[in-house]
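# Close look at the chain arrangement
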Amino acid sequence: MKLLILPDAAAAAARVVDEIRDLVDEKPDARLGLATGGTMEPVYQGLVASDADLSRVTTFNLDEYVGLSPQHPQSYRSFMEARLFGPKRMSRKQTHLPQGDAPDPEAEADRYEAQIADGGLDLQLLGIGANGHIGFNEPTSSLGSRTRVKTLTRRTRDDNARFFDDPDEVPRFAITMGIATILDARHVVLLATGSAKAEAVAAMVEGPLSAVCPASALQLHRRATIVVDEAAASSLALRDYYETVHPGGAEPEL
Ligand code: F6R
């Protein structure tokens, strides 16, 4: 794992924007895996403000709530349209999410998995839940899992209630890429900011590889870049070491 500790959330998000820009500059038709959530908002703001050319990329989001139509204001499709796809004029043809209101959610999950596998992903962007989830792979998700329907934990539903008028409206199920689907991406970039993520970040990086912390599966990835701010880094036992290797998030001088 490459662990980059940036001074604050804005600097951490800017670093992630740079990773995406560098990829798209090098490979204009890159296949990008995207995430939603509060942590990603400054990333998409940064991308929209940048001159990054996303006209030829293809995107696949991690997850979508079961039961919400793409037009539902709280669907992840709506989140992405408002923050990135609309402002960057990206078409429906190039942007993909599981269809939350598909009549057969399990079949939709299989279809989505096959669509991702047909070309793979050059970069998968991830946030992390306070319980260590990635995508909606909640604790004890199989490390070998593929895209499927998952039941959300009470904690995840409570954390996401802030996006809904009524907390009871938070769906109970989501279609999510699996952990093995995520591990297949050629590069994984996880962004975590704020002290509420500190314990999850420590468990992901320094804890045992365990389905209890799904993000710890990234320890198996050959190219995982973890970008955190100081608050999210605050529970890391080897923090001094990471800061020695990548001072201020910079590449080491060999
Ligand atoms: C979102 C997703 C989730 C979030 C995580 C963090 O598509 O898959 O894993 O990345 O729940 O959410 P925030 O950033 O809102 O704390």
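What you see is a predicted model, and the numbers here were worked out from it, not measured in a lab.

## Some words on the overall build of the chain
The helix and strand inventory of the chain stands at eight helices and 10 strands. A globule of 254 residues ought to have a C-alpha radius of gyration of about 18 Å, and the chain, at 17 Å, matches this closely. Out of the 254 residues in the chain, the part that is buried amounts to 54%. Of the contacts formed within the chain by residues at least 6 apart in sequence, a portion of 78% connects residues at least 24 apart. For the chain, the accessible area works out to roughly 11,100 Å², and carbon and sulfur atoms hold 50% of it. Counting 26 positive and 37 negative side-chain charges, the chain places the centres of these two groups 4 Å from one another.

## Some details on the site of the ligand
The full set close to the ligand counts 14 residues, and Thr39, Asp63, His133, Gly135 and Lys197 are the nearest of them. Between the ligand and Thr36 there is a distance of 2.8 Å, counted from an oxygen atom to a side-chain nitrogen or oxygen. The fraction of the free accessible surface of the ligand (410 Å²) that becomes covered by protein chains is 93%. Looking at side-chain class alone, the shell around the ligand contains three nonpolar, eight polar and three charged residues.

## Here's the deal with helix 7 (residues 198-206)
Residues that lie three or four places apart on an α-helix share one face, since the helix turns once every 3.6 residues. Among all positions in helix 7, only Ala198, Ala200, Val201, Ala202, Met204 and Val205 are buried. For helix 7, the secondary structure elements touched by its buried residues are strand 1 (2-6), strand 9 (188-192), strand 10 (224-229) and helix 8 (239-245).

## Let's talk about the environment of Ile20
Turning to its location among the elements, Ile20 is positioned in helix 1 (residues 9-26). Residues in contact with Ile20, not counting those within four places in the same chain, are Leu32, Val43, Leu47 and Leu125.

## Quick word on the packing of aromatic side chains
One pass over the structure, following the stated rule, counts six aromatic pairs. Consider the rings of Tyr65 and Phe136, whose centres lie 5.8 Å apart with planes at 35°: the pair is tilted. Taken together, the residues span a long stretch of sequence, with Tyr65 in strand 4 (residues 63-65) and Phe136 in the loop between strand 6 (123-126) and strand 7 (148-151) at a distance of 71 residues. Each member of the pair, Tyr65 together with Phe136, is buried. Look at Tyr76 and Phe136: their rings are 6.1 Å apart centre to centre, the planes differ by 15°, and that puts the pair in the stacked class. With Tyr76 in helix 3 (residues 76-85) and Phe136 in the loop between strand 6 and strand 7, this residue pair connects regions lying 60 residues apart in the sequence.

## What about the packing of helix 1 against helix 2 (residues 41-49)?
Interaxial distance between helix 1 and helix 2 falls to 9 Å at its minimum, and their mutual angle equals 50°. On the basis of their axis angle, the class for helix 1 and helix 2 is oblique. As helix 1 runs across helix 2, the sense of the crossing is right-handed. Residues Ala13, Val16, Val17, Ile20 and Arg21 of helix 1 pack against Pro42, Val43, Gly46 and Leu47 of helix 2. Looking at the contact of helix 1 with helix 2 residue by residue, the classes come out as seven nonpolar, one polar and one charged.

## Looking at the sheet that holds strand 10
Sheet architecture is open: seven strands sit in the order 1-10-9-6-2-3-5, paired in parallel fashion. Each having just a single partner strand, strand 1 and strand 5 (95-96) make up the two edges of the open sheet. Judged from the two bridges that link them, strand 3 (residues 58-61) and strand 5 form a sheet pairing that is parallel. Bridge assignment links Thr59 to a residue of strand 5, and that residue is Thr95.

## Quick word on the pairing of strand 2 (residues 31-34)
Because side chains alternate across strand 2, one face comprises the buried residues Arg31 and Gly33, and the other comprises Leu32 and Leu34, equally buried. Note that strand 2 and strand 3 share four bridges and pair parallel. Counted as the bridge partner of Leu34 is Asn61 from strand 3. Following the backbone out of strand 2, through helix 2 and into the adjacent parallel strand 3, one traces a crossover that is right-handed.

Conventions used here
Residues numbered from 1 in each chain as written. Predicted model: local features only at pLDDT ≥ 70, side-chain atom pairs only at ≥ 80, totals over all residues. Heavy atoms only, no water. Helix = DSSP H or I, 4+ residues; strand = E, 2+ residues; numbered from the N terminus. Rg over C-alpha atoms; globule rule 2.2 N^0.38 Å. Buried < 20%, exposed > 50% of the residue type's maximum accessible area, 1.4 Å probe, protein only. Contact = heavy atoms within 4.5 Å. Areas by Shrake-Rupley, 256 points an atom, 1.4 Å probe, with all protein chains shown as cover. Lys, Arg positive; Asp, Glu negative; His and termini not counted. Charge placed at Lys NZ, Arg CZ, Asp CG, Glu CD. Near = heavy atom within 4 Å. Polar contact = N/O pair within 3.5 Å; in protein donor to acceptor, adjacent residues only side chain to side chain. Nonpolar A, V, L, I, M, F, W, Y, C, P; charged D, E, K, R; others polar. Phe/Tyr/Trp six-rings, centres within 6.5 Å; stacked < 30°, edge-to-face > 60°. Axes fitted to C-alpha atoms, helices over the stretch in contact; angles between N-to-C directions. Parallel < 35°, antiparallel > 145°, perpendicular 65-115°, else oblique. Left-handed = near helix turned anticlockwise from the far one by under 90°. Pairing = 2+ DSSP bridges. Right-handed = clockwise from strand over helix to strand, strands pointing away.

From the geometry alone we can't say anything about function, so treat these as descriptive.
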